[in-house]
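So you can see what is in the structure, the chains are spelled out below.
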Amino acid sequence: MPLVAGVDSSTQSCKVVIRDADTGALHRQGTAGHAPGTEVDPETWWRALNEAADAAGGLDDVAAVAVSGQQHGMVCLDAAGAVVRPALLWNDTRSAAAAENLVAEAGPDGARYWAATSGTVPVASITAAKLRWLAENEPENAARTAAVCLPHDWLSWRLAGYGPGSGANGLAALRTDRSDASGTGYWSPATGEYLPEVLEATLGHVPVLPVVLGPLEAGLRTPAGAVIAPGSGDNAGAALGVGAGVGDIVVSVGTSGTVFAVADAPTADATGLVAGFADATGNFLPLACTLNASRVFDATAAVLGVELAALTDLALTAEPGAGGLSLIPYFEGERTPNLPEAKASLHGMTLANYAPANLARAAFEGVACSLADAFQAVTGLGIAAQRVILVGGGARSAAMQQTLSAVLGLPVEVPEPGEYVADGAARQAAAVLSGGWPAWKTQDSATVTAAPEPELLERYRAAVRRQY
């Protein structure tokens, strides 16, 4: 049977999985670390991809490969195909003022204009804001920029044998997909077209941009002959990896928290809380992000002097509501709601409730309530949740599973832990190879919480959510 490769090039590492194209069975896998920082030489990603591929036994025997990558990163290439400057990643905030200016320049109803035009109100993370920062602060590099692409685009291009010295023909070979293009601010999910006026207002000219491929459209080929699929942004890759479809909402509890839905129509949120992304299948992926998730558990465990597993056990010994303690977990400021200067706070302390078990419980309830804010922002756009899928490192905690289910008032499905983004990329590679999405069994081992009892639901509404 043919083999396919899926690549997850995230902020911190690169992971490669090799799977059977027909069944999805895992054959082998490998991983390699990325350089730290918010400004990174893309060559380090290419080295990590090769190291991870070597650890996975190489790519010579795969029939197709797809790359899912961290979104928004600004990769600028000169006319010869060389990288102009280190890439600015999604979490580089130096472009915050540029984003604010882009909204202001669109007039008194600027946020609504951007939501309707690009699906996303500019914030520091999106590529358009980074291009504006480049033009204002490094005009010589802006002038040298002949092409702009994203991390997954650039890695797919390198897999095809292109790189420094490729020239105009090489730049013309750049390819991307709609999910990653939708996070740039200069491509419209609603129309499926680039927005040259945004590029003129940011970079100062319209560079060569990757051709946006359809969901099952073959892109380039590796020198060994493997088909290179369109690839995707990491959230769209995760949606593929867990088998999310229209009506599903995925809640991811990692370093940050994300809540995204698979929808059959584009969205436009003028509040800026929900980004109107596209997905990798032809649908759409409205997404809200929080800045504080699993690190809240890490910090609480450190304060209490316990391991993470023990923190879960300790939290489950406390009553729902943590005896009246409420943790507002804005340790790193917050994105949903948009309070970048906010700080965390603990409320309702008494001598009776100030105990380790209640503090542990308050940590999980605080994060769950914060994610519920993001969930409410997404569903507030008219999206009904038919199924909630919980993923990420924090999803493995029984306390997180039970608390989120009770706060949302819905059963929560937790797939078996895995490399969801890399698996989603592999699934896309198999789909391009066969011309249709394979029916891989991705969730045989999923855990589903029971629908919360009415009494518990009311208690959470009164003692947890309302108090929060």
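Look a little higher up for the structure.
Fair warning: this is a prediction, and the values are worked out from it, not measured in the lab. (Residues numbered from 1 in each chain as written. Predicted model: local features only at pLDDT ≥ 70, side-chain atom pairs only at ≥ 80, totals over all residues. Heavy atoms only, no water.)

Points about the pattern of salt bridges
Under the defined criterion, the tally for this structure stands at 18 salt bridges. The residue Glu413 makes a salt bridge to Arg387 at a minimum N-O spacing of 3.1 Å. Placement of Glu413 in strand β22 (residues 413-414) and of Arg387 in strand β21 (residues 387-391) is noted, with a sequence separation of 26 residues between them. Taken together, the shared-partner salt bridges in this structure form one network comprising Glu39, Arg85, Asp92, Arg94 and Glu138. (Salt bridge = Lys/Arg side-chain N within 4 Å of Asp/Glu carboxyl O. Helix = DSSP H or I, 4+ residues; strand = E, 2+ residues; numbered from the N terminus.)

Some remarks on the pairing of strand β2 (residues 13-20)
Counting buried residues along β2, 8 of its 8 residues qualify, which places the element largely inside the surrounding structure. Across the two faces of β2 the burial is the same, with Ser13, Lys15, Val17 and Arg19 and Cys14, Val16, Ile18 and Asp20 all buried. Of the pairings in the sheet, the one linking strand β1 (residues 3-9) to β2 comprises 7 bridges and is antiparallel in character. Residue pairing for β2: Ser9 is matched across the bridge by Cys14. Remark: 3 residues form the turn of the hairpin made by β1 and β2, two consecutive strands paired antiparallel. Remark: 5 residues form the turn of the hairpin made by β2 and strand β3 (residues 26-33), two consecutive strands paired antiparallel; Gly24 in that turn has positive phi of roughly 85°. (Buried < 20%, exposed > 50% of the residue type's maximum accessible area, 1.4 Å probe, protein only. Pairing = 2+ DSSP bridges.)

A few points about unusual backbone geometry
Of the consecutive residues Thr336 and Pro337, the connecting peptide bond is found in the cis state with omega at 0°. Tracing the backbone through its elements, the reader meets Pro337 in the loop between β19 (326-328) and β20 (345-347). With a phi close to 80°, His72 is a non-glycine residue in the positive phi region. With a phi close to 50°, Ala322 is a non-glycine residue in the positive phi region. One can find Ala322 in the loop between α12 (308-316) and β19. Exposure remark for Ala322: the relative accessible area of 0% places this residue in the buried category.

Focus on the nonpolar core
Ranked by size, the top nonpolar core spans 48 residues in total, and within it Val251, Val259, Phe297, Leu371, Leu390, Met400 and Leu404 carry the most contacts. The leading source of residues in this core is helix α13 (residues 356-379), at 13 residues. Setting aside anything within four residues of it in sequence, one finds Met400 in contact with Phe297, Phe364, Val367, Ala368, Leu371 and Gly394. Counting residues in hydrophobic clusters, the runner-up holds 36 residues, among them Ala32, Val40, Cys149 and Leu155. (Core = buried A, V, L, I, M, F, W, Y, C linked by side-chain atoms within 4.5 Å. Contact = heavy atoms within 4.5 Å.)

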